[in-house]
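# Coordinates in review
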Amino acid sequence: MKVLVTGGAGYIGSHTTLSLLDDGHDVVVLDNLCNSNAESVRRVEEISGRHVEFRRVDLLDAVALDAVFAEFRFDSVIHFAGLKAVGESVEKPLAYYQNNVVGTLNLLHAMERAEVRTLVFSSSATVYGASDRVPLNEHEPLDASNPYGRTKEQIEDILSDLGAADPRWRVALLRYFNPAGAHESGRIGEDPQGTPNNLLPFVAQVAVGRREKVTVFGGDYPTPDGTGIRDYIHVMDLAAGHIAAVGFLNNRSGVFRWNLGTGRGSSVLEVIQAFSEAVGHKVKHEFADRRPGDAAVSYADPAAALADLGWSAHRTLAQMCEDHWRWQRNNPFGYSNDVAVPSLHGK
Ligand code: NAD
Ligand code: UFG
């Protein structure tokens, strides 16, 4: 199949592109590089030994989008492109609604014009809000609590309405839990710009000597060790979930929703411990107040994805940390790896 991957230069998109190529698909990556580096696409080509067409296009540019659909005949689209920082979305809500919602509308219009009606969309467990009811299944009411999460909820609504109006559409809404890790080659991985918002990249930057210590947001949650619990999922397991969804949509029309998580929760301290073991020395941390809006516990009920897609995540937290560390150790400054690091520890 020929697949258009929007946001394919980013973290999850680059890993999924690699899995698609390994699975024999042809891929065109569309990305405006606002939060990524084209080097990721080059490295995906290097690892796979396959060519990837790359188009630097902004989803807000409808004319350029149409040109991509005129140039290639796609069987399906996997749509990762979007802004994803919760805090920034609170400060700049218009930028988030514009980029994520309007960008997706532009994509859907272009798809309609080109008569391509198969779409896998990157949704998020953030649509469940700060619900502590676990495990979370797909029937939980949606209650996003910030503008970023609301863009995901709104796009889910738009796609549900579209599927109801036109039964030719084939849509998978994939609600990711907490992506972590990197491809086992250590050549591609997560490369956040500025201070990482998420736990794993922050821990990795402390481990590599770019930051002094991890701040643990809250040690007084009603959890066994007092820290927040999340469902960390290896990015290569996540990539496999996309392949499974594309295959499923090949045979069925309609709008489908699946959680992509492991069904297991790990605390912040367990993550820091597992990462320390991967590195071979202790990653320093200190406690601070809770971060506003955080749930105490969040993990998936992944049963529907297993039943419908035959997919489940099988990589462990230890593997996520080992693979994340290999990437960070080999690329301390990510894809712009031209700055010297004062001291590198570990194996
Ligand atoms: P990322 O920032 O690494 O990748 C997103 C890519 O989209 C980037 O390469 C960026 O340059 C591109 N992009 C953004 N706006 C664009 C636009 N208007 N036109 C073209 N390209 C544009 O993020 P990621 O972690 O790989 O996330 C991918 C998707 O998964 C996002 O939609 C995100 O909201 C969603 N998601 C991520 C997480 C997570 O924790 N990483 C969790 C749940 C859902
Ligand atoms: N945490 C810390 N210190 C940090 C960063 C995080 O203690 O420096 C804690 C958080 O309080 C939370 C856990 O680590 O308990 C995970 O936090 P992340 O920010 O990594 O992940 P979240 O679960 O808060 O949210 C992430 C994305 C959302 C997405 C959600 C589910 O940021 O966009 O996963 O996919 F919706």
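Residues numbered from 1 in each chain as written. Chains lettered and ligands numbered in written order. Predicted model: local features only at pLDDT ≥ 70, side-chain atom pairs only at ≥ 80, totals over all residues. Heavy atoms only, no water.

## Examining the domain arrangement of the chain
Put simply, the test is: An automatic or database domain assignment provides the domain bounds reported here. Whether two residues touch is decided by their heavy atoms; if any such pair falls within 4.5 Å, the residues are in contact. Throughout, the accessible surface (probe 1.4 Å) given up by two parts as they are put together, summed over both, is called the buried area.
Assigned domains of the chain: these are domain 1 (2–180 + 233–260) and domain 2 (199–230 + 263–330). One C-alpha centre belongs to domain 1, the other to domain 2; they are set 24 Å apart. Across the contact, 24 residues belong to domain 1 and 23 residues belong to domain 2. Each partner contributes to the roughly 2100 Å² buried at the junction of domain 1 and domain 2, and carbon and sulfur atoms together form 65% of this total.

## Examining the site of ligand 2
Formally: Throughout this document, a residue counts as near a molecule or strand when at least one of its heavy atoms sits within 4 Å of that molecule or strand. For the purposes of these results, a polar contact is taken to be a pair of N or O atoms within 3.5 Å, where, inside protein, one atom must be able to donate a hydrogen and its partner to accept one; residues adjacent in sequence count only when each atom of the pair is a side-chain atom. Under the convention used here, a 1.4 Å probe and the Shrake-Rupley method define accessible areas, while residue burial counts only the protein chains that appear. Secondary structure elements follow DSSP: runs of H or I of four or more residues count as helices, runs of E of two or more count as strands, with numbering from the N terminus.
Every one of the 19 residues lining ligand 2 counts as a neighbour, but S124, F177, T215, R230 and D294 are closest to it. At 3.5 Å from an oxygen atom of ligand 2 is found a main-chain nitrogen or oxygen belonging to N197. Surface burial for ligand 2 is 89%, taken as the share of its 680 Å² of free accessible area covered by protein chains. Looking at the shell around ligand 2, the element that brings in the most residues is strand 8 (residues 214–217), giving 3 residues.

## Details of the pattern of salt bridges
Note the following rule: Salt bridges are defined by distance alone: a side-chain nitrogen of Lys or Arg within 4 Å of a carboxyl oxygen of Asp or Glu. For every residue, the accessible area obtained with a 1.4 Å probe (protein chains only) is divided by the maximum for its type, and the residue is called buried under 20%, exposed over 50%, and partly exposed between those limits.
Tallying each qualifying case throughout the model produces 20 salt bridges. Here D166 makes a salt bridge to R117, at a shortest N to O gap of 3.8 Å. Placement of D166 in the loop between helix 6 (147–165) and strand 6 (170–176) and of R117 in the loop between helix 5 (93–114) and strand 5 (118–124) is noted, with a sequence separation of 49 residues between them. Side by side, D166 and R117 carry an identical accessibility label, which is buried. Note that D237 is salt-bridged to R315, the shortest N-O span being 2.5 Å. Placement of the pair is D237 in helix 8 (residues 235–251) and R315 in the loop between helix 10 (303–309) and helix 11 (317–330), with a sequence separation of 78 residues.

## As for the sheet that holds strand 4 (residues 76–79)
Applicable threshold: Should DSSP find at least two bridges between two strands, the strands are taken to pair. Lines fitted to the C-alpha atoms define the axes, with helices restricted to the stretch that makes contact. Angles between their N-to-C directions range from 0 to 180 degrees.
Pairing is parallel across the open sheet formed by 7 strands, whose spatial order is 3-2-1-4-5-6-11. Here the strands that pair on one side only, and so sit at the sheet edges, are strand 3 (53–56) and strand 11 (254–260). Strand-to-strand twist across the sheet, computed as the mean angle between neighbouring axes with direction ignored, equals 20 degrees. Where strand 6 lies against strand 11, 7 bridges are found, and the strand directions are parallel. Paired with R175 across the two strands is N259, which belongs to strand 11.

## A look at the environment of S253
Secondary-structure assignment places S253 in the loop between helix 8 and strand 11. Among the residues examined, S253 registers a relative accessible area of 38% and is labelled partly exposed. Each C-alpha atom, one on S253 and one on G226, is 45 Å from the other, the two residues being 27 residues apart in sequence. Leave out the neighbours within four places in its chain, and S253 touches P167, R168, W169 and R170. A polar atom in the side chain of S253 sits 3.2 Å from the backbone oxygen of P167.

## Some details on the site of ligand 1
The immediate surroundings of ligand 1 are formed by 27 residues, with D31, N35, S36, N99 and Y148 found nearest. Between ligand 1 and N32 there is a distance of 3.1 Å, counted from a nitrogen atom to a backbone nitrogen or oxygen. One of the side-chain N or O atoms of Y148 is found 2.6 Å from an oxygen atom in ligand 1. Taken by itself ligand 1 offers 820 Å² of open surface, and the protein chains cover 96% of this. For the shell around ligand 1, the secondary-structure elements that each account for two or more residues are helix 1 (11–22), strand 5 and helix 6. Considering each element in turn, the shell around ligand 1 owes the most residues, 3 residues, to strand 5.

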